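Geometric and topological summary
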Amino acid sequence: MSDNRAEDVAAIQAVLAESYKAWEDGDADAMVAAYTADATAVLPGSLRDGRDVIRDSMAAAFQGPLKGTATVNRQLGLRFAGRDAAIVVSESGILFPGDSEVPEAARVHATWVLEKRDGRWLIAAYHNSPVQAPAH
């Protein structure tokens, strides 16, 4: 077993990039391909419990309000929680057709929890919350 975390970092970033690309393609199956079967997604007002539930909700969204959208993502941090777990924090937003940037009020901070199962990094949990500007 390698102690080189750079390989793990690259594999984790590839998993996230594949998920972002699948969103851009409107492909719910590809989007959840690297989710664990028992994955959870927590969004404001919503709990999606399980890969199939996440997939079904995204498929419906890609046919409706999220049709033709992409995401904009900026990784803020990645840290390991033991040998086989990692936490990624990012700032993200949905880019709607015709828009060139995500309005600040529509940006979210996201937390991704990944775990390594059978040598492969998978998304076990996702959570996002609206970005709040610091009070001055």
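One can find the structure itself at the top, above this paragraph.
So, here's what we can say about the structure. For every chain, the first residue of its written sequence is number 1, and the numbers climb from 1 along that sequence. Confidence filtering applies because this is a predicted model: local features only for residues at pLDDT of at least 70, side-chain atom pairs given and counted only at 80 or more, and all residues used for totals across whole chains, interfaces and linings. Based on all heavy atoms of the structure, the side-chain values leave hydrogens and waters out of the count.

Details of the packing of aromatic side chains
Any Phe, Tyr or Trp ring, taking Trp's six-membered ring, that has another such ring centre within 6.5 Å forms a pair; planes under 30 degrees apart are called stacked, those over 60 apart edge-to-face, and the others tilted. Under the counting rule described, the total for this entry stands at four aromatic pairs. Look at W23 and F62: their rings are 5.5 Å apart centre to centre, the planes differ by 75 degrees, and that puts the pair in the edge-to-face class. Of this pair, W23 sits in helix α1 (residues 5-25) while F62 sits in helix α3 (residues 51-63); the two residues are 39 residues apart in sequence, bridging distant segments of the chain. Pairwise contacts between aromatic rings join Y20, W112 and Y126 into one cluster. The rule is short: NZ of Lys or CZ of Arg within 6 Å of the ring centre and within 35 degrees of the ring normal puts a charge over the ring. In this structure, R5 is placed above the aromatic ring of F80, and the distance from its NZ or CZ to the ring centre is 3.7 Å. Secondary structure elements follow DSSP: runs of H or I of four or more residues count as helices, runs of E of two or more count as strands, with numbering from the N terminus.

Topic: the nonpolar core
Here the nonpolar core consists of buried residues drawn from Ala, Val, Leu, Ile, Met, Phe, Trp, Tyr and Cys, with membership extended through side-chain atoms lying within 4.5 Å. Three labels apply to residues, based on accessible area from a 1.4 Å probe with only protein chains included: buried if under 20% of the type maximum, exposed if over 50%, partly exposed otherwise in between. Ranked by size, the top nonpolar core spans 26 residues in total, and within it Y35, M58, W112 and L114 carry the most contacts. No other element matches α1, which puts five residues into this core. Those residues in contact with M58 that sit more than four places away from it in its chain are W23, A28, M31, R48 and L66. Only heavy atoms matter for contacts: two residues are in contact if any of them lie within 4.5 Å across the pair.

Considerations on the side chain of S92
Examined against the element boundaries, S92 turns out to sit in strand β4 (residues 85-95). On the basis of relative accessible area, S92 is assigned to the buried category, the value being 8%. There is a polar contact of 3.4 Å between the side chain of S92 and the side chain of S90. Excluding its chain neighbours within four sequence positions, the residues that come into contact with S92 are V72, N73, A106, R107, V108 and A110. Under this definition, polar contacts are N or O atom pairs within 3.5 Å; protein pairs additionally need one hydrogen-donor-capable and one acceptor-capable atom, and for neighbouring residues in sequence, both atoms have to be side-chain atoms.

Overview of unusual backbone geometry
Peptide bonds are mostly trans, and most non-glycine residues show a negative phi. With a phi angle near 50 degrees, D118 is a residue other than glycine that sits in the positive phi range. Mapped onto the fold, D118 is located in the loop between β5 (108-117) and β6 (120-130). Since its relative accessible area comes to 85%, D118 is described here as exposed.

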